[in-house]
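Close look at the chain arrangement
These are the residues of each chain, in order.
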Amino acid sequence: MNMDEIMDEEEEEFEFSRNYFLAKEHGSSSAKKSTNKLTDINLVDEQELREASLHIQPKHEKEIACLMDSYKNMYPEWVLALRSGFSLLMYGFGSKKVLLEDFASTALTEYSVVVINGYLQTINLKQVLITLAELLHDQVKAKRKASSRDLPKSQQPSNSQSIEDLLTFLDEAEIEEDGYVICVIIHNIDGPGLRDFETQQYLARLAACTHICIVASIDHVNAPLYWDKNMAHTQFNWCWYHVPTFAPYKVEGMFYPLILAHGGANQSVKTATIVLQSLTPNAQSVFKVLAEHQLSHPEEGMPISDLYSVCRERFLVSSQVTLNSHLTEFKDHELVKIKRDSDGQDCLHIPLAAEALQKVLLEIS
């Protein structure tokens, strides 16, 4: 290419650029601006949109069933990996909730199983650790009784213990039977209630405990960034499995607002009902006591002491600790809030209108 050709090419490029900017300048001065606003969009009610989504016909059911059967054939391999000291991490498109729970119910029958729903907005990790510690404590206690040795009260897990104390107990508990293991199923370990670094550190330490094994699922592409090398390869010691299920995220998605919908009272009722139905019958009964009080005394909250007295009379709780455990679940799921009355006493209040609260009671009854 000679010098004349180079200069001609540069001139063409300059002319193209000049015309482009002149056109933009001319267009911006003469073009009419739209008066439409984002707030003018007529959004569908969230409950209506969710109900419509439930009627979407599933596709490729035969192929998905074959895929799920292929995963079930891998259950023995997964159990062997757990017994070899690995934690299992399931990834791939689609909800893995049904898969993990089927694995736990069919292949982990010799284990005690605790489920953490990481897709919830808030998780009380300390309450989870107390539950695990109580399971392990009961096993230690049973072994001590068999050998006529009492367990010191200082080793009994309680709400007053710190997370550090509970993790120490889980790591150092002496059980003569090496085969006793608690399996923790974590749906969406990358979920909103678990994704902060401190919580991930605690979970990694939990995974490293002798009598604990972890089976978890992830869905976020950046989930591995939560763990450093020590957490991923030493504490969790992940064994990765690609298990796309192509199943809809029906349960997990219930706790996230839909982009093209606005929320409302119906959605609050639906969410509260789903949460309550996932709790124990006793927890539901405690909630009913509180709800009935609120409906009959709409201007007042219910003192915790009054709730305890009524629940104890109805044999719903055996101690204040049991009631506190239920209340912790309610608060974590934002079913109950605490407010002070005019006397400065802490009272419980359900953040739902009377009509919505009545619908919730009907649903869980």
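Just so it is clear, the structure is predicted and the values come from calculations on it, not from any experiment. (Residues numbered from 1 in each chain as written. Predicted model: local features only at pLDDT ≥ 70, side-chain atom pairs only at ≥ 80, totals over all residues. Heavy atoms only, no water.)

**Regarding the side chain of His326**
Here is the rule: The helix count covers DSSP runs of H or I at least four residues long, the strand count covers runs of E at least two residues long, and both are numbered beginning at the N terminus. Buried residues are those whose accessible area, probed at 1.4 Å on protein chains only, stays under 20% of the maximum for their type, while exposed residues exceed 50% and partly exposed ones sit between those limits. Contacts were defined at the residue level, with two residues in contact if any of their heavy atoms lie within 4.5 Å.
Examined against the element boundaries, His326 turns out to sit in helix H14 (residues 320-332). On the accessibility criterion, His326 (9% relative accessible area) is buried. Contact partners of His326, with chain neighbours within four places excluded, come to Thr280, Asn282, Ala283, Val286 and Val317.

**Some words on the confidence of the model for the protein**
As a reminder of what qualifies: Summary of the metric used: pLDDT quantifies the predictor's per-residue confidence within the range 0 to 100.
In the predicted model, the protein carries a mean pLDDT of 82, and 78% of its residues have values of at least 70. The lowest-confidence element of the protein is strand S7 (residues 261-262), averaging 51 in pLDDT; the highest-confidence one is strand S2 (residues 87-91), averaging 97.

**Side note on the sheet that holds strand S4 (residues 182-187)**
Selection rule: In this description, strands pair whenever DSSP reports at least two bridges between them. The angle between two axes is taken between their N-to-C directions and runs from 0 to 180 degrees, where each axis is a line fitted to C-alpha atoms and a helix contributes only its stretch in contact.
Strand order in the open sheet formed by five strands is S3-S4-S5-S2-S6, and the pairing between neighbours is parallel. Looking at which strands have only one partner, the edges of the open sheet turn out to be strand S3 (112-117) and strand S6 (238-242). Going across the sheet, the axis of each strand differs from the next one's by a mean of 20 degrees, ignoring polarity. Pairing geometry for S3 and S4, over six bridges, is parallel. Bridge pairing in S4 places Asn117 opposite His187. Along the sheet face, helix H4 (residues 75-83) touches S2, strand S5 (212-217) and S6 and points at about 135 degrees away from the line of S2. Sitting on the sheet, helix H8 (residues 197-207) is in contact with S2, S4 and S5, with an inclination near 130 degrees to S5.

**Considerations on the side chain of Asp190**
For the record, the criterion: By the counting scheme adopted, Arg and Lys are positive, Glu and Asp are negative, and His together with the chain ends is not counted. Any Lys or Arg side-chain nitrogen found within 4 Å of a carboxyl oxygen on Asp or Glu counts as a salt bridge. Polar contact criterion, stated in full: a pair of N or O atoms within 3.5 Å, where within protein one must be able to donate a hydrogen and the other to accept it, and residues adjacent in sequence count only if both atoms are side-chain atoms.
Tracing the sequence through the fold places Asp190 in the loop between S4 and H8. Within the buried set, Asp190 has no salt-bridge partner at all; the shortest N-O distance to an opposite charge, 6.1 Å, is to Arg195. For Asp190, the side chain forms a polar contact with the main-chain nitrogen of Asp219, separated by 2.8 Å. The residues touching Asp190, leaving out its near neighbours within four places in the chain, are Arg195, Ser217, Ile218, Asp219, His220, Ala223 and Tyr226.

**Details of the packing of aromatic side chains**
Aromatic ring pairs are reported here in terms of the distance separating the ring centres and the angle at which the planes meet. Applicable threshold: Stacked, tilted and edge-to-face are the three classes assigned to paired rings of Phe, Tyr and Trp, where Trp is represented by its six-membered ring and a pair needs centres within 6.5 Å; plane angles under 30 degrees give stacked, over 60 edge-to-face, the rest tilted.
The tally for this structure, following the rule as stated, stands at 11 aromatic pairs. Centre to centre, the rings of Phe287 and Phe330 are 5.7 Å apart; their planes meet at 75 degrees, and the pair counts as edge-to-face. In this pair, Phe287 sits in helix H12 (residues 281-296) while Phe330 sits in helix H14, placing the two residues 43 residues apart along the sequence. Each member of the pair, Phe287 as well as Phe330, is classed as buried. Taken together, the ring pairs connect Tyr75, Trp78, Phe103 and Tyr241 into an aromatic cluster.

**Some details on the packing of H12 against helix H13 (residues 304-313)**
Heads up, the condition is: Each angle receives one of four descriptions, namely roughly parallel if under 35 degrees, roughly antiparallel if over 145, roughly perpendicular if within 65 to 115, and oblique otherwise. Rotating anticlockwise by less than a right angle from the far helix to the near helix defines a left-handed crossing, while the corresponding clockwise rotation defines a right-handed one. Amino acids are sorted into nonpolar (Ala, Val, Leu, Ile, Met, Phe, Trp, Tyr, Cys and Pro), charged (Asp, Glu, Lys and Arg) and polar (every other residue, Gly among them).
Running from N to C, H12 and H13 point in directions that differ by 125 degrees, and their axes come no closer than 10 Å. When the axes of H12 and H13 are compared, the pair comes out oblique. Two packed elements cross with a definite hand, and for H12 against H13 that hand is right-handed. In contact with Val286, Val289 and Leu290 of H12, H13 contributes Leu307, Val310 and Cys311. Residues that form the contact of H12 with H13 fall into these classes: six nonpolar, no polar and no charged.

**So, the sheet that holds strand S8 (residues 302-303)**
Sheet architecture is open: three strands sit in the order S8-S10-S9, paired in antiparallel fashion. In this open sheet, the two edge strands, each paired with only one partner strand, are S8 and strand S9 (337-340). The pairing of S8 with strand S10 (residues 346-349) spans two bridges and is antiparallel. Counterpart to Pro303 in the pairing with S10 is Cys347.

**Some words on helix H7 (residues 163-172)**
The test is simple: Think of the arc as the fan of directions from the helix axis to the C-beta atoms.
Every buried residue of H7 is accounted for by Ile163, Leu166, Leu167, Phe169 and Leu170. All buried residues of H7 project into a common sector of 160 degrees when viewed along the axis, lining one side.

**Some points on the packing of H4 against helix H5 (residues 97-107)**
Two elements in contact, H4 and H5, have axes whose closest approach is 11 Å; the angle formed by their N-to-C orientations is 80 degrees. Between H4 and H5, the crossing angle belongs to the class labelled roughly perpendicular. Facing H4, whose interface residues are Tyr75, Trp78, Val79 and Leu82, H5 presents Leu99, Asp102, Phe103, Thr106 and Ala107. Classifying every residue of the contact of H4 with H5 gives seven nonpolar, one polar and one charged.

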